[in-house]
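Inside the fold
Here are the chains, one letter per residue:
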Amino acid sequence: MGSSTTKHLLTEDLIEDYTSLTYLNKGEIYYLMKKFHSIDPEKVNSNFSHRFSQADIVKKFDVLKTNPFQDRIFKVFSSQNDNCFSFEDLLDLCSVMSADCPSDVKAAWAFRIFDIDEDNQISAQDISKILDRLTWDPDNRHHCLDHHSKAKIAKIILEEIKLDFSGGIGLSEFTFILSRIPEFSSSFYFRL
Amino acid sequence: MSGGNSKNKSRSKRHEGWEEAGGEFYQELYPGGEQELFDNLQRADATKLATLLPSKQARNTTTAKRARSQNERRQSTYARTTQSRDIHLSMLPDLSENLSNEERTWEEIMQIKAMPVPMHQKRDLKARLQNATKLRLQGFEQLQWRQRKVWHRFRIRFTEVVGKFELWRSALREIEGKFGVGVVSYFLFLRWLFFLNIAISLFVIVFLILPEVLLVEDKLSCNETYPNSTVCCSEAYFNRNVTGNNVILDLIQGTGWMERTILFYGVYSDQIYSYFVHRLWDTEMFYNMPMAFILVPISWALFSLVAIVKTGAKGFKERLVESEGQFYMYCNLVFGGWDFCIHNEKSAKIKHKALYNEIKGCLEEERFNEEKQLRSKESHFFMHLRRLLVNLIVLIILVASGVLIYFAFNYSMDLLDEQISSNDQTVRNGTAERLTLELYREGYSFGRFQNIVLEFLPSICIVVLNIIVPEIFEHLIKYENYNPAHVVFISLLRTVLLRLSAFAVLLSQIYIQVTNPNRVICSVFSEESRLECWETYFGQQLYKLILTDFAVQFVMTFFINFPRSFIARHTNSSCLKFIGTQEFYLPRHVLDIVYLQTIIWMGAFFCPFLPIIGMLYSFLTFYMKKFACLVNSTPSPIVYKASKSKSLFMSVLLLGFVISIAPVAYSIAEIMPSVNCGPFRGYSTVWEYVVITFETFPNVFREFIFLLGTSTFAVPAFAVLLFFLYYYWAVATANRHMVTVLKNQLVLEGHDKQFLLNRLSAFIRQHQKRCERRNRASFADDDSSIQNSSR
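Residues numbered from 1 in each chain as written. Chains lettered and ligands numbered in written order. Predicted model: local features only at pLDDT ≥ 70, side-chain atom pairs only at ≥ 80, totals over all residues. Heavy atoms only, no water.

Taking an unreviewed UniProt entry as the reference, chain B is identified by name as TMC domain-containing protein belonging to Leptosia nina. In its Sequence similarities (unreviewed entry) section, the UniProt record describing chain B reads: "Belongs to the TMC family." Its UniProt record gives chain B the following Subcellular location (unreviewed entry) comment, quoted word for word: "Membrane". (UniProt positions renumbered as here; feature names shortened; annotations may be inferred.)

As recorded by an unreviewed UniProt entry, chain A carries the name EF-hand domain-containing protein and is attributed to Leptosia nina.

In structure tokens:
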């Protein structure tokens with residue numbers, strides 16, 4: 001029953017569009033639709049592009065729950081900038097996170113996620129904020145890098161990449177770094 | 001002169017093209033056009049000017065660039081909307097400049113997905129591209145394009161179907177969610193080995209087992225006049241009564257009836273089979289069994305080597321890119337540190353902690369390096385002393401375990417030999433009454449049990465050592481103050497050495513026995529001896545080893561480690577927790593499966609069924625390791641890097657491959673095969689058979705092969721190879737030089753940019769000031785005029 005209603009929602013044309021515009025295949029899109037639909041079937045049935053709030057989405061997607069960049073992901077991928085996801089936003093997210101997505105496309109999105117203060121460059125502040133998020137531990141407040149070492153790490157990273165002597169890391173510089181870090185594309189993905 | 005002119009012209013044309021395109025480019029970037037840009041500049045304060053630079057702009061720039069770089073080959077029509085580097089495009093007639101054909105449009109649509117923009121924009125773009133007027137392709141081009149489209153669609157469909165059947169998909173996802181990418185790469189490696197074993201098994205099944213089973217062997221009978229001929233020997237061997245042991249015991253030892261099955265080398269025929277395929281051809285067809293028996297191992301060995309090198313090279317390339325250094329270390333941690341696939345709260349917590357430790361570790365290592373220079377001579381000396389001591393202990397342990405295996409092997413062999421000779425005596429005492437022997441055996445059940453223990457003693461010894469000693473090494477290495485990356489590598493190296501030394505002892509023992517000049521080679525009249533068909537015997541040893549290994553793994557996982565973890569989970573006492581808690585220590589598990597693969601490679605020549613057993617084993621191992629990983633272990637506080645561990649796996653596997661193939665190759669080339677069994681009866685070495693077969697080839701072919709071996713071919717070939725080597729080396733150096741040059745240039749450009757930005761900001765400031773002054777002046781004017789008018 002559930003799958004038939006979701007099939008009804010996704011017309012052939014739509015599926016065709018989605019498969020050609022994302023790195024997902026048909027099965028994955030149907031799967032996502034089913035999951036998305038199950039959050040609140042009625043709302044989706046009445047309005048296909050219904051926007052669910054962050055909490056609703058996170059409840060269904062465990063991968064996002066524990067992610068230290070959760071708020072950034074919602075900010076970046078929400079097309080209306082309201083921290084809510086429509087089905088298409090969700091598709092965007094999953095497309096980028098799929099294994100087929102080439103590393104430079106991933107890098108372009110990752111740049112926006114890591115650019116926490118949204119000034120179009122990753123500055124020392126951003127790096128220290130990322131470090132905070134990475135090492136954050138609710139049980140142990142002392143488990144936090146001190147200011148000095150964070151600054152040091154930021155300095156090392158920025159010094160090396162600042163080929164053109166401007167404040168932070170720009171998008172193209174960022175893509176360039178990430179293409180040289182093999183770890184990135186394997187960590188910046190999840191299976192559906 | 002005129003030539004120069006035209007050149008100039010073309011250059012100027014190019015320039016125009018550039019500028020035109022550049023203008024468009026910036027318009028695309030700043031949708032408001034130049035006016036807005038100027039406003040932006042005016043509003044911007046000087047410090048934020050840098051953020052307006054194109055390289056700092058987020059989306060559109062890169063997408064345009066991406067599309068361009070991908071399309072460059074095909075002279076993309078993106079030139080219509082974005083900057084184009086293709087100069088002649090701007091010189092082409094405008095017809096093709098403004099209209100694209102269907103194929104290009106389709107390509108562009110396929111590339112929309114690479115743009116980092118929300119879905120509705122992508123769909124808009126797609127619709128726009130689809131609705132735009134475009135040229136229809138004609139004739140052949142149309143056909144080609146359609147073909148491409150169909151092929152593309154087929155490929156997508158195909159990958160989707162294959163993806164559905166992906167082995168262990170959900171298991172991998174679960175592991176990924178709990179342990180992150182590093183550990184999953186281990187399981188992917190395991191899966192890869194499973195597929196490798198399937199491939200090897202296919203070779204063996206198709207070319208060895210099926211022919212042996214399906215084709216009928218000619219019966220040759222022993223001629224009484226030559227009692228020592230190969231025919232007689234093998235007849236004696238096959239006609240001898242098989243010792244009547246318990247079926248299950250035979251099954252696990254590979255003796256008795258098992259020895260005479262196609263499981264082992266012994267039964268494979270030394271004949272060239274002839275057969276008819278009636279409906280197709282009425283001519284006689286041949287299947288050269290001995291040749292197949294030698295060619296199949298060579299082909300799967302080459303296949304494995306190519307597979308390892310090919311997979312390893314990918315990792316190696318990644319390693320090369322990632323130059324060691326603080327910068328990459330930190331970049332890895334900061335931008336690639338978090339595994340986005342983790343979906344378990346507890347693991348996320350551990351991951352946070354692990355990352356914290358890793359970063360702390362990196363910082364400390366740096367401090368450590370700084371202190372190293374400052375450290376006093378005394379402490380330096382003590383540290384080295386400690387390391388020396390630990391290495392000495394490690395060496396002693398290795399030697400001791402080697403000696404232990406040696407004694408275990410000799411002890412069990414001696415006792416078994418004694419038993420056989422005593423059996424012989426009983427037989428001789430009453431040759432007529434074989435029944436007594438049966439009775440004797442029945443009554444000797446304890447002895448039989450003892451026999452089994454003795455048979456398995458070397459294998460058990462090796463496996464137990466493999467479990468205990470690495471634990472000791474793990475504790476020892478803590479006293480040596482190595483940095484974390486070295487710890488993994490060194491402990492891995494030591495464990496590999498341990499396993500190899502055990503292997504070496506076993507092999508050397510068997511070798512000594514096989515090459516013993518007093519060995520009974522052809523026992524037509526005497527009773528059986530263990531080493532009658534030594535290849536089968538060797539196969540049995542490895543078969544036993546693999547079974548023991550499996551049993552021990554099974555017991556360790558389910559009956560020892562599982563209760564341990566159970567205790568750890570349900571107790572509060574810290575002591576029990578210490579005993580029970582286990583981490584998924586990657587190097588040890590890697591060694592387990594590499595070891596398995598080594599045994600398979602080594603034994604597959606002597607026991608053709610071994611790859612099939614290995615295939616089943618690696619299939620089960622996946623579940624065993626999954627259980628060990630998900631149920632028994634807690635996530636490890638060590639961060640395993642996916643790319644690094646992949647190349648580590650492959651290098652260890654390559655080592656295992658070389659070590660397992662070398663003795664087999666030696667035995668093929670040097671040791672005399674058994675006279676009474678196997679496909680190579682009566683030849684002095686296995687390789688001799690190949691040489692003899694080669695002699696029967698047509699003369700031209702033989703001459704050709706011989707030519708390959710002579711210096712007339714070798715010297716030029718060597719020279720050509722050297723030349724190529726030199727060429728690639730030169731290209732690599734040139735590229736490296738180019739990289740430095742470009743880097744320097746980039747730095748210079750950076751300086752220039754900085755300079756221009758400073759100038760610009762100074763200018764803007766001046767401009768703003770002037771404006772203010774003018775404004776003030778005009779205000780003043782206004783004021784005065786108002787005052788004037790009011791008067």
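Here the narrative resumes.
Within chain A one finds 13 helices and zero strands. Secondary structure elements of chain A, listed N to C terminal, follow the sequence α-α-α-α-α-α-α-α-α-α-α-α-α. Buried positions account for 58% of the 192 residues belonging to chain A. Here the analysis covers contacts within chain A between residues at least 6 apart in sequence; of these, 57% occur between residues at least 24 apart. Accessible surface for chain A amounts to roughly 7700 Å². Of this, 49% is attributable to carbon and sulfur atoms. (Helix = DSSP H or I, 4+ residues; strand = E, 2+ residues; numbered from the N terminus. Buried < 20%, exposed > 50% of the residue type's maximum accessible area, 1.4 Å probe, protein only. Contact = heavy atoms within 4.5 Å. Areas by Shrake-Rupley, 256 points an atom, 1.4 Å probe, with all protein chains shown as cover.)

A separate point is the overall build of chain B. The helix and strand tally for chain B stands at 27 helices and six strands. Expressed as a percentage of the 791 residues in chain B, the buried residues total 41%. Within the structure as shown, chain B displays about 45100 Å² of accessible surface, and the carbon and sulfur contribution to it stands at 63%.

With 111 residues, the main nonpolar core has Phe187, Trp300, Trp601 and Phe605 of chain B as its most contacted residues. Among the elements that take part in this core, helix H10 (residues 181-214) of chain B stands out by supplying 13 residues, more than any other. Beyond its immediate stretch of four places on either side in the chain, Trp300 of chain B contacts Ile200, Phe203, Val204, Trp601, Ala604, Phe605 and Ile661 of chain B. Formed by 89 residues, the second largest nonpolar core is a distinct cluster that contains Val58, Phe69, Leu91 and Ile113 of chain A. (Core = buried A, V, L, I, M, F, W, Y, C linked by side-chain atoms within 4.5 Å.)

This brings us to empty space enclosed by the protein. Summary: where empty space remains is shown by rolling a probe the size of a single water molecule over the atoms. Inspection of every chain in the model, using the stated rule, returns eleven cavities of 30 Å³ or more. If you add up the space inside the largest cavity, you get close to 300 Å³. If you trace the largest cavity, you find 27 residues lining it, with Phe179, Asp339, Lys351, Val639 and Tyr640 of chain B closest to the centre. At the level of elements, helix H13 (182-187) of chain A together with helix H9 (169-179), H10, helix H14 (326-336) and helix H15 (345-374) of chain B are the ones that each hand at least two residues to the lining of the largest cavity. No other element matches the five residues that H15 of chain B contributes to the lining of the largest cavity. Looking at side-chain class alone, the lining of the largest cavity contains 13 nonpolar, nine polar and five charged residues. Computed from the structure, the second largest cavity encloses a volume of approximately 120 Å³. Around the second largest cavity, the lining residues are Val496, Arg499, Leu500, Phe503, Leu591, Val594, Tyr595, Thr598, Val652, Leu655, Gly656 and Ile659 of chain B. Secondary structure elements with two or more residues in the lining of the second largest cavity: helix H19 (484-514), helix H22 (586-603) and helix H24 (642-669) of chain B. Broken down by class, the residue content of the lining of the second largest cavity amounts to nine nonpolar, two polar and one charged. (1 Å grid on protein atoms, 1.4 Å probe; cavity = no way out; pocket = protein on both sides within 12 Å on 5 of 7 lines; lining within 4 Å. Points joined across faces, edges and corners; volume = space filled by probe spheres on them. Nonpolar A, V, L, I, M, F, W, Y, C, P; charged D, E, K, R; others polar.)

The subject of this paragraph is a nonpolar patch on the surface. Residue and element names in this part refer to chain B. Together, Leu295, Ile298, Leu302, Leu305, Val309, Leu654, Val658, Trp687 and Val691 make up a nonpolar patch on the protein surface, roughly 730 Å² of accessible area in all. The biggest single contributor to the nonpolar patch is helix H13 (residues 289-321), with five residues. Relative to the helices and strands, Leu295 resides in helix H13. (Patch = residues over 30% accessible without salt bridge, like charges linked within 9 Å, V, L, I, M, F, W, Y side chains within 5 Å. Salt bridge = Lys/Arg side-chain N within 4 Å of Asp/Glu carboxyl O.)

A word on the pattern of salt bridges. Throughout the structure, instances matching the rule amount to 17 salt bridges over all chains. Across the salt bridge formed by Asp56 of chain A and Lys59 of chain A, the nearest N and O atoms sit 3.9 Å from each other. Taken together, the positions of Asp56 of chain A and Lys59 of chain A, both in helix H5 (residues 54-60) and three residues apart, correspond to about one turn of that helix. You can call Lys59 of chain A exposed: its relative accessible area is 62%. In this structure, the salt-bridge partner of Asp592 of chain B is Lys625 of chain B, at a minimum N-O distance of 2.9 Å.

In this section: the interface of chain B and chain A. The accessible area lost on association of the parts is a frequent measure of interface size. Counting from both sides, the interface comprises 72 residues of chain B and, opposite them, 83 residues of chain A. Summing the contributions of chain B and of chain A, the shared interface buries around 7200 Å²; its carbon and sulfur component is 61%. For the pair chain B and chain A, the number of links is four salt bridges. With a closest N to O distance of 3.4 Å, Asp17 of chain A and Arg123 of chain B form a salt bridge. Linking chain B with chain A are 13 residue pairs in polar contact (both at pLDDT 80 or more). Top element by residues in the side of chain B that touches chain A is H15 of chain B. It accounts for eleven residues. Split into classes, the residues belonging to the side of chain B that touches chain A amount to 32 nonpolar, 16 polar and 24 charged. (Buried area = accessible area lost by both parts, 1.4 Å probe. Polar contact = N/O pair within 3.5 Å; in protein donor to acceptor, adjacent residues only side chain to side chain.)

On to the packing of aromatic side chains. Within the structure shown, the criterion is met by 58 aromatic pairs over all chains. Considering the side-chain rings of Tyr18 of chain A and Phe87 of chain A, the 6.0 Å spacing of their centres and the 70° angle between planes classify their relative orientation as edge-to-face. Residue Tyr18 of chain A is found in helix H2 (residues 12-21), and its partner Phe87 of chain A is found in helix H8 (residues 87-97); the two are separated by 69 residues along the sequence. For Phe87 of chain A, a relative accessible area of 1% gives the class buried. For the pair Phe619 of chain B and Tyr623 of chain B, a centre-to-centre distance of 5.5 Å together with 65° between the ring planes defines the contact as edge-to-face. One end of the pair, Phe619 of chain B, and the other, Tyr623 of chain B, are both in helix H23 (residues 610-632), four residues apart, so they sit about a helical turn from each other. Accessibility expressed as a relative area gives 38% for Tyr623 of chain B, which makes it partly exposed. An aromatic cluster is built from Trp168, Tyr186, Phe187, Phe189, Trp192, Phe194, Phe195, Phe619, Phe622, Tyr623 and Phe649 of chain B, whose rings are joined through pairwise contacts. Sitting above the plane of the Phe61 of chain A ring, Lys35 of chain A keeps its charged end 4.6 Å from the centroid. Here Arg499 of chain B stacks its cationic end above the ring of Tyr595 of chain B, 4.7 Å away from the centre of that ring. (Phe/Tyr/Trp six-rings, centres within 6.5 Å; stacked < 30°, edge-to-face > 60°. Lys NZ or Arg CZ within 6 Å of the ring centre and 35° of its normal.)

Glancing now at a positive patch on the surface. A grouping of Arg765, Lys769, Arg770, Arg773 and Arg774 of chain B is seen on the molecular surface, where their side chains present a positively charged patch. For Lys769 of chain B, the position within the fold is in helix H27 (residues 711-790). (Lys, Arg positive; Asp, Glu negative; His and termini not counted. Charge placed at Lys NZ, Arg CZ, Asp CG, Glu CD.)

This next bit is on the UniProt feature "transmembrane region" (unreviewed entry) in chain B. Residue and element names in this part refer to chain B. The sites that UniProt annotates as "transmembrane region" (unreviewed entry) are residues 188-210, 285-309, 388-409, 452-473, 485-512, 593-617, 648-669 and 704-729. End-to-end, the C-alpha atoms of residues 388-409 are 32 Å apart, and along that stretch the chain is 100% helix and 0% strand. Summarising residues 704-729: 96% helix, 0% strand, and an end-to-end C-alpha distance of 32 Å.

Taking 1.5 Å of rise per residue, the 15 residues of helix H11 (residues 147-161) of chain A would be expected to cover 21 Å, and the 21 Å separating its terminal C-alpha atoms lies within 8% of that figure. Within H11 of chain A, the full set of buried residues consists of Ser149, Lys150, Ile153, Ala154, Ile156, Ile157, Leu158 and Ile161 of chain A. (Expected span 1.5 Å × (residues − 1).)

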